[in-house]
Amino acid sequence: MPARDPLNLITEAFTSLLFGRTETTRLPVRTSTGQAQAVYLPTAAPGLGDSGVIIGREVYSGKGYIYDPFQLYGQQLPAPHWLVLGESGNGKSALEKTYVLRQLRFRDRQVVVLDAQGEDGVGEWNLVAQQLGITPIRLDPMAALDGTVRLNPLDPAITTTGQLALLRTIIEVALGRGLDERSGFALKVAHAYVNQAAAQDPDGRQPILGDIVERLRHPLPESADAMNVALEDVRAWGLDVALVLDRLVDGDLRGMFDGPTTVGIDLDAPLIVFDLSHIDRNSIAMPILMAIVGVWLEHTWIRPDRKKRIFLVEEAWHIINSPSVAQLFQRLLKFGRRLGLSFVAVVHHLSDVVDGAAAKEAAAILKMASTRTIYAQKSDEARATGQVLGLPRWAVEIIPTLTPGMAVWDVNGNVQVVKHLVTESERPLVFTDRAMTESSAQRAASAATPDGPAALEAGTGDDDNPLGITDPFEAETEERVISFEKRQGVG
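Residues numbered from 1 in each chain as written. Predicted model: local features only at pLDDT ≥ 70, side-chain atom pairs only at ≥ 80, totals over all residues. Heavy atoms only, no water.

## Quick word on the pairing of strand β2 (residues 64-67)
Strand direction decides the pairing type here: strand β1 (residues 53-58) and β2, joined by four bridges, are antiparallel. The partner of R57 across the bridge, within β2, is G64. Hairpin geometry of β1 and β2 is characterised by an intervening segment of five residues between the two adjacent antiparallel strands and by a positive phi of about 80° at G62. (Pairing = 2+ DSSP bridges. Helix = DSSP H or I, 4+ residues; strand = E, 2+ residues; numbered from the N terminus.)

Given below as structure tokens:
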């Protein structure tokens, strides 16, 4: 070390005596990010464990992201219900389909999907159903009279109380208001008479909606005597109700709900898809259909048999935006804890829900959803979503910058950014934008293949990778799925 100048030593001593000890100026340390790794150790938020199905990878830590509401319930989740938000084209459909496909590898899982989106003249879940050997239950008012599927709101499998509640909901949704006491009385006495007559029928005939309409039009004298009113008054009270139900019997929705339930619907199948893609999504028909299907499933599908059930609803704002239908689904959600039901609601915009006619019911349903997945949204909507859902500020700021396939996951306060990964075997089944991305050659090959689009092999161009997944982790995802399934005892 070179000798220091005596003058500088005297100057430093004198300065220290007058002003105290001074810190010397250190030269900056220049290093690389590779060398700095040893100084600034990496940190990451804790994951959700390793039990369940793989979603993808957590962006900041690079760890695999595992999620399963049934595994997490009671430890990290107070309820197994899940809300998925985001604008079209960001990967919601791909997430839902891969999630269902991976869940169905467990022996004790069953899934029902209300498929309201259309693609190639069928529901967008058609390819997934075909792959599993399942025939979707297609509800189509145009084809219903040709002997296609029917669901009977008066099916004996539904309790008498459930039937009456369902009839009231159908009428209230169609009228856009609650049912008044007089109309409710006319409906109640007509329903009671029809059920009583069916119970005495020697052939065991199922009561149908046409019977209710007929009895509303022609009430019995004892109905009027019970309330000490004129028979014409009871007929007038039930007129609006009869007109609404007549739409399901002889109107634009005829053929789907005006007869006995179709024989052969397999409620024990691992996947049940209700194809609603032929119904106008903006018409009053959609919430009516969802109410009927929801109650029918409540009384026929959900059973105390220790199976874990997933009920996934596309375009769920049709449910949450209607007070009467939302109340029915609130009751359905309460089955989550008692009978092992996970409700998955897919919504494009939260404003469709919280600013709708059923704001109170929507708030209750949102509160039950302990898991929230938010894909890219515009800045203003992201701030509104963050305020309603109570997201941290950093998550709100990152939502508008998310690229397709990436989402903010909030699992009961555990907030992480997750990149959803799709395996090569899943890719042809889950993407819903083939009309935009499929080449003419691929479309021709699809038409010539016996199995149709499901037989298409994923290509290597950008058009065959709408989510832009090029991460090396993707190549290992399928093997990891199989590895985790083996550890969980999946068949």
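Read on, since the account is not over.
## Thoughts on the packing of aromatic side chains
For the structure on display, the rule yields 12 aromatic pairs. Ring geometry for F274 and W296: centres 6.3 Å apart, planes at 85°, overall edge-to-face. Here F274 is found in strand β8 (residues 271-275), whereas its partner W296 is found in helix α12 (residues 285-300), with 22 residues between them in sequence. Residues F311 and F343 carry aromatic rings whose centres are separated by 5.9 Å and whose planes lie at 65° to one another, so their mutual orientation is edge-to-face. Of this pair, F311 sits in strand β9 (residues 308-313) while F343 sits in strand β10 (residues 341-347), placing them 32 residues apart in sequence. Here a set of aromatic residues connected by ring pairs shows up, and it is made of Y65, Y67, W82, Y99 and W409. The ring of W125 has K97 sitting right over it, with the charged end atom 5.3 Å from the ring centre. Sitting over the ring of W301, R309 keeps its end group 5.4 Å from the ring centre. (Phe/Tyr/Trp six-rings, centres within 6.5 Å; stacked < 30°, edge-to-face > 60°. Lys NZ or Arg CZ within 6 Å of the ring centre and 35° of its normal.)

## What to know about the pattern of salt bridges
Side chains that differ in charge, positive against negative, can pair when their charged atoms come close. Considering all chains together, one arrives at 19 salt bridges under this definition. A salt bridge links D268 to R303, with the shortest nitrogen-to-oxygen separation between them at 3.0 Å. One end of the pair, D268, is in the loop between α11 (239-250) and β8; the other, R303, is in the loop between α12 and β9, and 35 residues separate them in sequence. Among the salt bridges present, the one from R309 reaches D305, with a minimum N-O distance of 2.8 Å. On the basis of relative accessible area, R309 is assigned to the buried category, the value being 0%. Through salt bridges with shared partners, a single ionic network connects D68, D108, R109 and K308. (Salt bridge = Lys/Arg side-chain N within 4 Å of Asp/Glu carboxyl O. Buried < 20%, exposed > 50% of the residue type's maximum accessible area, 1.4 Å probe, protein only.)

## What to know about the side chain of D115
Tracing the chain through its elements places D115 in strand β4 (residues 109-115). Despite its burial, D115 remains without a salt bridge, the nearest opposite charge being carried by K97 at 6.9 Å. Looking at D115, its side chain comes within polar contact range of the main-chain nitrogen of W125, at 2.9 Å. Not counting residues up to four positions away in its chain, the partners in contact with D115 are G123, E124, W125, V273, F274, D275, L276, S277 and E314. (Lys, Arg positive; Asp, Glu negative; His and termini not counted. Polar contact = N/O pair within 3.5 Å; in protein donor to acceptor, adjacent residues only side chain to side chain. Contact = heavy atoms within 4.5 Å.)

## As for the packing of helix α7 (residues 181-199) against helix α8 (residues 209-217)
Packing of α7 against α8 brings their axes to within 9 Å, and their N-to-C directions diverge by 125°. Our classification of the angle between α7 and α8 gives oblique. Taken as a pair, α7 and α8 cross one another with a handedness that is right-handed. Counted together, A186, L187, A190, H191, Y193 and V194 of α7 and D211, I212, R215 and L216 of α8 form the full contact between these two elements. Looking at side-chain class alone, the contact of α7 with α8 contains seven nonpolar, one polar and two charged residues. (Axes fitted to C-alpha atoms, helices over the stretch in contact; angles between N-to-C directions. Parallel < 35°, antiparallel > 145°, perpendicular 65-115°, else oblique. Left-handed = near helix turned anticlockwise from the far one by under 90°. Nonpolar A, V, L, I, M, F, W, Y, C, P; charged D, E, K, R; others polar.)

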